[in-house]
Amino acid sequence: MEKERVDLPQSEIPVSWYNVLADLPQPLPPPLHPGTGQPLKPEDLAPIFPMALIEQEMSPERWIPIPEAVRALYKIWRPTPLIRAVRLEKALKTSCRIYFKNESVSPAGSHKLNTALAQAYYNKMAGVRRLTTETGAGQWGSSMAFACQLFGLACTIYMVKSSYHQKPYRRSLMHIWGGEVFPSPSDRTQSGRAILAANPETPGSLGIAISEAVEDAATHEDAKYTLGSVLNHVILHQSVIGLETKRQLEMIGETPDVLIACVGGGSNFGGFSLPFLPEKLANPKLRIVAVEPSACPSLTKGVYAYDYGDTAKLAPLVKMFTLGHTFIPEGIHAGGLRYHGTAPIVAHLAKLGFIESKAYTQNAVFEGALQFARTEGFIPAPETSHAIRAAIDEARKDDGKCIVFNYSGHGHFDMSAYDSHLAGDLEDYEHPEEKIAEALAHLPKVG
Ligand SMILES: Cc1ncc(COP(=O)(O)O)c(C=O)c1O
């Protein structure tokens, strides 16, 4: 009988993370100092990150051992199951096989805890007392709050103002796990106050929240900053997803034809799909598909250029597909996908043609989510639903392919978004070309 669910024993939780930097066909353009425009040196990052993470950010090593303390905590929910979506396949009357890697089973409900635990661990080892971070949808903030709780660290979270009001229960999770949460922009930082003065009604953005969290860490001796996506070390920690998936597919004799994940900053996409890069380099027919919202189309409509990772220009300049650091996205429900840029690793591989990208509007995404929920039962996060929508469209080709997507998180705190969709109240939004051109006019003149 065909297996509907593939589980690994806990002894098979990976012992090392996979560092895709070792296998890139061309080296990554270096990050630049936001003040000088010169290539960044490790010590430039020291005010905001502990040295162990800075080393991982730049490491050429293919395998980086997972500390035993982190691996022991991964056992709370890892390995995560790989599930065949047989009921969805049947409803679609497709000859394709559809599998999903279920990262929603972590306590905080998404893949974000894979790196939150690792980042909290290295900061704790470095003697840090408090971590600062930003959050969009609240999945990252809640994961970071839980990780800090486990390692006895204080946690300060700047939550994008529109999500702060849209997702009160994600905020409750952060409070339960001991985090303090502020709507961003806030009056606690210079960058937040400047933005509020210019536009008191702003809904906020991840770019603004990052500026606040970086400033808070850089101006307090005992605090450091953590980022939930984009950076190389975050994609490194997320590689446990792809490494487990590879092993699970091997166990049932499957070879993937199409790998799909949604992209906000690129961490679940990178962690899930990039451990397959050696296979992709050997077999160009393997497709790797990144899915994003039409309201924040960095990969499909942005430009590949050096840009700031945040609005106040405190974070390093990185080469990425960007909509411009001044970009303020519409308040779509996939809060975790409203970021102006992309992980440099993901952008680089997209530019080199190893990654495809596509964008969907939110009603199309929620239709996919409903079809999935009504067949498979699980209720996906709006972010995750982008990958589901793309997987459904691939399966509709009915060409016998093996499709695997990353189920990055559940949508249990997104009921108001589902209610709006069911009531026909969700607006579709395509980011207009003029707005893109306007934001791109502010790109820094470097590189
Ligand atoms: C469930 C879920 N999936 C995906 C994302 C997108 O982030 P990333 O691109 O870093 O995986 C988020 C971000 O908050 C999320 O909460």
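Structure first, text after, so check above.
In this report, we go over the structure that sits alongside the text. (Residues numbered from 1 in each chain as written. Predicted model: local features only at pLDDT ≥ 70, side-chain atom pairs only at ≥ 80, totals over all residues. Heavy atoms only, no water.)

Things to note about helix 2 (residues 51-58)
Side chains three or four residues apart in an α-helix point the same way, a direct result of the helix having 3.6 residues per turn. Along helix 2, the residues that are buried comprise Leu53, Ile54, Gln56 and Glu57. Down the axis, helix 2 shows its buried residues gathered within 160° of arc, on one side only. Turning to helix 2, the residues buried within the fold contact strand 2 (16-18), helix 1 (42-45), strand 3 (63-65), helix 5 (113-125) and helix 11 (232-251). (Buried < 20%, exposed > 50% of the residue type's maximum accessible area, 1.4 Å probe, protein only. Helix = DSSP H or I, 4+ residues; strand = E, 2+ residues; numbered from the N terminus. Arc of directions from axis to C-beta. Contact = heavy atoms within 4.5 Å.)

Looking at the side chain of Arg78
Positionally, Arg78 belongs in the loop between helix 3 (68-74) and strand 4 (82-84). Here Arg78 is in contact with Gln10, Ile13, Lys101, Glu103, Asn114, Val240, Ile241 and Glu244, once residues within four sequence places are set aside.

A word on the site of the ligand
The local shell around the ligand holds 18 residues, among which Ser229, Gly264, Ser267, Asn268 and Ser408 are the closest. A distance of 3.1 Å is found between an oxygen atom of the ligand and a side-chain nitrogen or oxygen belonging to Lys112. Taking Gly266, its main chain carries an N or O atom lying 2.8 Å from an oxygen atom of the ligand. When the ligand is considered free in solution it has 390 Å² of accessible area, and contact with the protein chains removes 97% of it. For the shell around the ligand, the secondary-structure elements that each account for two or more residues are helix 12 (267-273) and helix 17 (382-395). Looking at the shell around the ligand residue by residue, the class counts come to 4 nonpolar, 12 polar and 2 charged. (Near = heavy atom within 4 Å. Polar contact = N/O pair within 3.5 Å; in protein donor to acceptor, adjacent residues only side chain to side chain. Areas by Shrake-Rupley, 256 points an atom, 1.4 Å probe, with all protein chains shown as cover. Nonpolar A, V, L, I, M, F, W, Y, C, P; charged D, E, K, R; others polar.)

Here we look at the pattern of salt bridges
Tallying each qualifying case throughout the model produces 23 salt bridges. Ionic pairing is found between Glu89 and Arg84, a salt bridge with its closest N-O pair at 2.9 Å. Note on accessibility: Glu89 and Arg84 belong to one class, buried. The salt bridge partner of Glu244 is Lys101, with a shortest N-O separation of 2.8 Å. Of this pair, Glu244 sits in helix 11 while Lys101 sits in strand 5 (residues 97-102), and the two are 143 residues apart along the sequence. Pair check on accessibility: Glu244 and Lys101 agree, each one buried. Overlapping salt bridges bring together Arg78, Lys101, Glu103 and Glu244 as one network. (Salt bridge = Lys/Arg side-chain N within 4 Å of Asp/Glu carboxyl O.)

Examining the packing of aromatic side chains
All told, the structure shown has 16 aromatic pairs when counted by the stated rule. For the pair Phe49 and Tyr225, a centre-to-centre distance of 5.9 Å together with 40° between the ring planes defines the contact as tilted. Here Phe49 is found in the loop between helix 1 and helix 2, whereas its partner Tyr225 is found in strand 9 (residues 223-225), with 176 residues between them in sequence. Judged by its relative accessible area of 7%, Phe49 falls in the buried class. Take Tyr225: its relative accessible area is 3%, and that puts it in the buried class. Relative to Phe405, the ring of Phe372 has its centre 6.0 Å away and its plane inclined at 75°; by these criteria the two rings are edge-to-face. Of this pair, Phe372 sits in helix 16 (residues 362-376) while Phe405 sits in strand 15 (residues 402-407); the two residues are 33 residues apart in sequence, bridging distant segments of the chain. Overall, the relative accessible area of 0% leaves Phe405 in the buried class. Ring pairs connect the aromatic residues Phe100, Phe372, Phe378, Phe405 and Tyr407, which therefore count as one cluster. Note that Arg188 overlies the ring of Phe182, its terminal NZ or CZ placed 3.9 Å from the centroid. The ring of Phe276 carries Lys246 above its face, with NZ or CZ at 5.7 Å from the centroid. (Phe/Tyr/Trp six-rings, centres within 6.5 Å; stacked < 30°, edge-to-face > 60°. Lys NZ or Arg CZ within 6 Å of the ring centre and 35° of its normal.)

Observations concerning the packing of helix 16 against helix 18 (residues 415-422)
Their axes nearest at 11 Å, the elements helix 16 and helix 18 cross at an angle of 105°. As judged from the angle between their axes, helix 16 and helix 18 are roughly perpendicular. Within the contact between the two elements, helix 16 uses Asn363, Phe366, Glu367, Ala369, Leu370 and Arg374 and helix 18 uses Ala417, Tyr418, His421 and Leu422. Looking at the contact of helix 16 with helix 18 residue by residue, the classes come out as 6 nonpolar, 2 polar and 2 charged. (Axes fitted to C-alpha atoms, helices over the stretch in contact; angles between N-to-C directions. Parallel < 35°, antiparallel > 145°, perpendicular 65-115°, else oblique.)

Regarding the sheet that holds strand 9
Here we have 4 strands laid out as an open sheet, ordered 8-7-6-9, and parallel in their pairing. The strands lining the two open edges of the sheet, one partner per strand, are strand 8 (180-184) and strand 9. Looking at each pair of strands side by side, their axes are set apart by 25° on average, direction ignored. The pairing of strand 6 (residues 130-135) with strand 9 spans 3 bridges and is parallel. Bridged to Thr132 within strand 9 is Tyr225. Here helix 8 (residues 168-176) sits on the sheet and contacts strand 6, strand 7 (154-160) and strand 8; the angle it forms with strand 7, its principal contact strand, is near 170°. (Pairing = 2+ DSSP bridges.)

Details of the sheet that holds strand 10 (residues 258-262)
Here we have 7 strands laid out as an open sheet, ordered 1-4-5-15-10-11-14, and mixed in their pairing. Edge positions in the sheet fall to strand 1 (5-6) and strand 14 (356-360), since each has one partner strand and no second. For strand 10 and strand 15, the ladder comprises 3 bridges, and the chain directions are parallel. Bridging across to strand 15, Leu259 finds its partner in Val404. Sheet contacts for helix 11: strand 1, strand 4, strand 5 and strand 15; angle to strand 5, the most-contacted strand, approximately 140°. The strands touched by helix 16 are strand 4, strand 5, strand 14 and strand 15; relative to strand 14, the strand with the most contacts, the crossing angle is about 95°.

Some words on the pairing of strand 15
Among the 6 residues of strand 15, 6 are classified as buried, and the element is accordingly described as predominantly covered. Residues Cys402, Val404 and Asn406 of strand 15 are buried on one face, and the alternating residues Ile403, Phe405 and Tyr407, pointing to the opposite face, are buried as well.

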